[in-house]
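# Commentary on secondary and tertiary structure
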Amino acid sequence: MLIRKFAAAVFAALALGGVQAVTAAPATAAPRILYYDASQAQEFKAVVDQGAQIWNNSVTNVRLLPVTAGRTPNIRVYADNGWPRAYTSSLGNGSWYMGRQAVNQGYHPPRIAAHEFGHLLGLPDRRTGLCTDLMSGSSAPVSCTNPNPNATEARTVNTRFASASVAVPSKVYVWQ
């Protein structure tokens, strides 16, 4: 108690003399890096990269990067003729499909890619029908071209990746 009063008096005297005391900002953890492999995404590779960049611009606690030689990817991305879908094995790990059926019906490919990455980042489908909700998926109209997560979705991902101990059970998500 005496030490606190003494420290407060010293800081007050320094402040009166025009000296500013600087306190260190709390340390922040480095973002968790997740590597994705889009080599099997066929004609959608650039869209997959775009989806990853959308998340990298929206959150701070996780980064999606293309897999480099010698690394095992956390996320594998494929293309096929079905509906887009994701298979999660744990938070940040699994695979997803860029389904041509949704693209052929007019859904916006960058929105699909960001949405499917969202599942691997721990977000469930939210069938709100709102274009502002990335995780509303195909419940939003075909005319929706918003590929960005809303503030709640980004905050949820940041919270999930703020701690390495958060567990997200494995699950299958289908766009339809």
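Here the structure is a predicted model, which means the values were calculated and not measured.

Attention now moves to the side chain of Arg-85. Here Arg-85 shows up in strand 4 (residues 85-90). Here the side chain of Arg-85 touches Trp-83 through a polar contact of 2.8 Å, landing on its backbone oxygen. A distance of 3.1 Å separates polar atoms of two side chains, one belonging to Arg-85 and the other to Tyr-87.

Our focus in this paragraph is the confidence of the model for the protein. Mean pLDDT over the protein stands at 86; residues scoring 70 or higher make up 77%. Segment residues 10-17: pLDDT under 50, and two contacts once partners within four positions in sequence are set aside and those in other chains are kept. Here residues 19-27 is modelled with pLDDT under 50, and outside its nearest four sequence neighbours on either side it reaches two contacts, counting other chains as well.

Of all hydrophobic cores here, the largest spans 35 residues; its most connected members are Trp-55, Leu-64, Ile-75, Trp-96 and Phe-117. Of all the secondary structure elements, the ones that give two or more residues to this core are strand 1 (32-40), helix 2 (45-58), strand 2 (62-66), strand 3 (75-80), strand 5 (93-99), helix 4 (109-120) and helix 5 (151-160). Setting aside residues up to four positions removed in sequence, Ile-75 forms contacts with Leu-34, Tyr-35, Tyr-36, Asp-37, Leu-64, Gly-92, Gly-94, Trp-96, Phe-117 and Leu-120.

For the coordinates displayed, the defined rule picks out five salt bridges. Between Arg-85 and Asp-80 there is a salt bridge, with its nearest N and O atoms 2.3 Å apart.

Inspection of every chain in the model, using the stated rule, returns one disulfide. Sulfur-sulfur distance for the disulfide between Cys-131 and Cys-144 comes to 2.1 Å. The sign of the S-S torsion, about 85°, decides the handedness of the disulfide formed by Cys-131 and Cys-144: right-handed. Here Cys-131 is found in the loop between helix 4 and helix 5, whereas its partner Cys-144 is found in the loop between helix 4 and helix 5, with 13 residues between them in sequence.

Next up on the list: helix 5. If you check which residues of helix 5 are buried, you get Glu-153, Ala-154, Val-157 and Asn-158. For helix 5, the arc enclosing every buried residue in end-on projection is 135°, short of the 170-degree limit, so these residues lie on one face. Helix 5 presents Ala-151 and Thr-159 as exposed residues on the side facing more than 90 degrees away from its buried surface. Looking at the packing, one finds that the buried side of helix 5 touches helix 2 and strand 2. Capping the start of helix 5 is the job of one residue whose side-chain oxygen sits 3.0 Å from the backbone nitrogen of Thr-152: Asn-150.

Here we take up the packing of helix 2 against helix 4. One can describe the packing of helix 2 onto helix 4 by two numbers: an axis separation of 8 Å at closest approach and a directional angle of 60°. It follows that helix 2 is oblique to helix 4 by the angle criterion. The handedness of the crossing between helix 2 and helix 4 comes out as right-handed. Contacts between helix 2 and helix 4 pair Val-47, Val-48, Gln-50, Gly-51, Ala-52, Ile-54 and Trp-55 from the former with Pro-109, Pro-110, Ala-113, Ala-114, Phe-117 and Gly-118 from the latter. In terms of residue class, the contact of helix 2 with helix 4 is built from 10 nonpolar, three polar and no charged.

Of the pairings in the sheet, the one linking strand 1 to strand 2 comprises five bridges and is parallel in character. Considered in strand 2, the bridge of Tyr-36 is made with Pro-66. Chirality of the crossover, the property in question, places the unit of strand 1, helix 2 and strand 2 among those that are right-handed.

Note on placement: Gly-118 falls in helix 4. Since its relative accessible area comes to 0%, Gly-118 is described here as buried. Look past the residues within four positions of Gly-118 in its chain and what remains in contact with it is Trp-55, Leu-123 and Met-135.

Another point: unusual backbone geometry. One non-glycine residue, Gln-42, lies in positive phi territory at about 50°. Secondary-structure assignment places Gln-42 in the loop between strand 1 and helix 2. For Gln-42, a relative accessible area of 48% gives the class partly exposed.

The rules behind each value
- Throughout, residues of each chain are indexed from 1 in the direction in which the sequence is written.
- A pLDDT threshold of at least 70 governs which residues receive local features in this predicted model, and a stricter bar of 80 or more applies before side-chain atom pairs are shown or counted, although totals over entire chains, interfaces and linings include all residues.
- Working from all heavy atoms in the structure, the side-chain values ignore hydrogens and water.
- Secondary structure elements follow DSSP: runs of H or I of four or more residues count as helices, runs of E of two or more count as strands, with numbering from the N terminus.
- Side-chain atoms alone can form a polar contact between residues adjacent in sequence; in general such a contact is a pair of N or O atoms within 3.5 Å, and within protein one must be able to donate a hydrogen while the other accepts it.
- pLDDT runs from 0 to 100 and stands for how confident the predictor is about each residue.
- Whether two residues are in contact is decided by their heavy atoms, any of which lying within 4.5 Å being enough.
- Each nonpolar core is a collection of buried residues, namely Ala, Val, Leu, Ile, Met, Phe, Trp, Tyr and Cys, held together in the definition by side-chain atoms within 4.5 Å.
- Three exposure classes are used, based on accessible area relative to the maximum for each residue type with a 1.4 Å probe and protein chains only: buried under 20%, partly exposed in between, and exposed over 50%.
- For salt bridges, the criterion is a side-chain nitrogen of Lys or Arg within 4 Å of an Asp or Glu carboxyl oxygen.
- Disulfides are defined as pairs of cysteine sulfur atoms found within 2.5 Å of each other.
- Taking the helix axis as origin, the arc is that swept by the directions to the C-beta atoms.
- Angular values range over 0 to 180 degrees, each being the angle between N-to-C directions of two axes fitted as lines to C-alpha atoms, with helices fitted over their stretch in contact.
- Under this scheme an angle from 65 to 115 degrees is roughly perpendicular, one under 35 degrees roughly parallel, and one over 145 degrees roughly antiparallel; angles in between are oblique.
- Handedness of a crossing is defined here by the sense of rotation of the near helix relative to the far one, left-handed for an anticlockwise turn of less than a right angle and right-handed for a clockwise turn.
- Three classes are used, and their members are as follows: Ala, Val, Leu, Ile, Met, Phe, Trp, Tyr, Cys and Pro are nonpolar, Asp, Glu, Lys and Arg are charged, and the others, Gly among them, are polar.
- At least two bridges found by DSSP between two strands is the condition for calling them paired.
- Seen with the strands pointing away from the viewer, any crossover whose path from the first strand over the helix to the second strand runs clockwise is right-handed.

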